[in-house]
Amino acid sequence: MPRDGRSVGERHRGGVIKTENINHEFLDAVLDGSQVDVYYHFGVASDDPILDRLRGVRAIIMAGSGDRIKEFAERWSAMSGDPHIVAFPKEDRFVTRYTGGVLFCSHGMGMPSASIAVQELMRMAYFLKRGDLVALDDVFWARVGTSGGVGLPGGTIVVSEAGVMPDLQPYRLMQGGLGTYWFDGGFPAQTRADILAANADSDLSIVEGKTIATNEFFLEQFRLDGAIRLETAQTKQEFLEWLHANGVRNIEMEGAMLAAYLNSWGFSSFAMICAVLLNRLEGDQVTATSEELHRFSEYSGDVLFAYLQQRLLSS
Ligand code: R2B
Ligand code: URA
């Protein structure tokens, strides 16, 4: 993986797990039993019998809130006809449910929290699939979330084509003296096309576009209603218009990292589906009623479940 590349999506080849980016030293020791992997934030470990019930996992679905995860699991249990819902005992960090071949997990808010969930879930997926890269690549990953729209009204659904940082560059990490490690922020085009096709009959407004992931809800999203204010109405407007002109359609707080980490292993099928809560060109405060917010968030669930149904239940 280059340390100096910056393309978004260019390196996404799809269909080929990149073994060189898998931490084989650690994860293969877990497979041969010489090492137990403690998925600390989920409160389970690789020698815990509960994980045997998850071996058939075919999709890993993440959302910010634990309540959402519980609702999703109930809905999928009914749709898939699997009456059993497995819950991990620890819920103070992330809420997890497994039913009908789908693992639903909350990830909290922001990339620091979500990166912990994603890394532990990738380790768990490798373990559950016993290091079989073909089986591993057959797992579909998604984040279903909320976002601020850039020129889009509340209720619009954005299927992300790339997850980038507020400077429109992909996610990257500082590596001490080694410089900056750049990731690929693209979301696989085929998965996006399949999601749109599964929702072809939907009345919802579903668009594709780039998504900005920020490390801050107020300042990095150029809000004027934070406790601290760095922008003017004019600089905010210029920023949002610059984003829009560059193909950005929504702003949230996890997508750039999610795409980066899943691309680093080369997963071929993953997506981010976000409901827009407000049009940021028209304001900063989320003023939608709780009924509207619930409805918007159901829309993103509808888009996800139409795809899951087609992918997992129709064959
Ligand atoms: C969307 O909404 C949350 C902030 O309100 C954050 O987790 C995100 O990405
Ligand atoms: N989530 C965000 O990160 N930003 C918004 O404006 C709305 C939801």
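Residues numbered from 1 in each chain as written. Chains lettered and ligands numbered in written order. Predicted model: local features only at pLDDT ≥ 70, side-chain atom pairs only at ≥ 80, totals over all residues. Heavy atoms only, no water.

1. Structural notes on unusual backbone geometry
For clarity, the threshold we go by: We count a stretch as a helix when DSSP gives it H or I for four or more residues in a row; a strand needs E for two or more, and each element gets its number in order from the N terminus. Note on classification: 1.4 Å probe, protein chains only; a residue is buried when its accessible area is under 20% of the maximum for its type, exposed when over 50%, partly exposed between these limits.
A positive phi angle is found at R130, which is not glycine, with a value near 50°. Topologically, R130 is positioned in the loop between α3 (111–128) and α4 (133–137). A relative accessible area of 57% places R130 in the exposed class. Even without being glycine, F222 reaches a positive phi, approximately 55°. If you trace the backbone, F222 turns up in the loop between β11 (206–213) and α6 (233–245).

2. A closer look at the pattern of salt bridges
The condition that has to hold: Any carboxyl oxygen of Asp or Glu that lies within 4 Å of a side-chain nitrogen of Lys or Arg is treated as forming a salt bridge with it.
For the coordinates displayed, the defined rule picks out 12 salt bridges. For D92, the salt bridge is made with K90, and the minimal N-O distance between the two is 3.7 Å. Since its relative accessible area comes to 59%, D92 is described here as exposed. For the salt bridge of R280 with D284, the shortest nitrogen-to-oxygen distance reads 2.8 Å. Residues participating in the shared-partner salt-bridge network are R143, E252 and E254.

3. As for the site of ligand 1
Put simply, the rule reads: A cutoff of 4 Å decides nearness: a residue is near a molecule or strand if any of its heavy atoms lies inside that distance of it. In protein, a polar contact means a hydrogen-donor-capable atom and an acceptor-capable atom, both N or O and within 3.5 Å, with residues adjacent in sequence counting only if both atoms are side-chain atoms; elsewhere, any N or O pair within 3.5 Å suffices. Accessible surface area values rest on a Shrake-Rupley calculation with a 1.4 Å probe, where residue burial reflects the displayed protein chains alone. Residues are grouped as follows: nonpolar covers Ala, Val, Leu, Ile, Met, Phe, Trp, Tyr, Cys and Pro; charged covers Asp, Glu, Lys and Arg; every other residue, Gly included, is treated as polar.
The environment of ligand 1 is formed by M109, R143, T146, F217, E252, M253 and E254. The separation between an oxygen atom of ligand 1 and a polar main-chain atom of M253 is 2.8 Å. Within the complex, 81% of the 260 Å² of free accessible area of ligand 1 lies under protein. Looking at the shell around ligand 1 residue by residue, the classes come out as 3 nonpolar, 1 polar and 3 charged.

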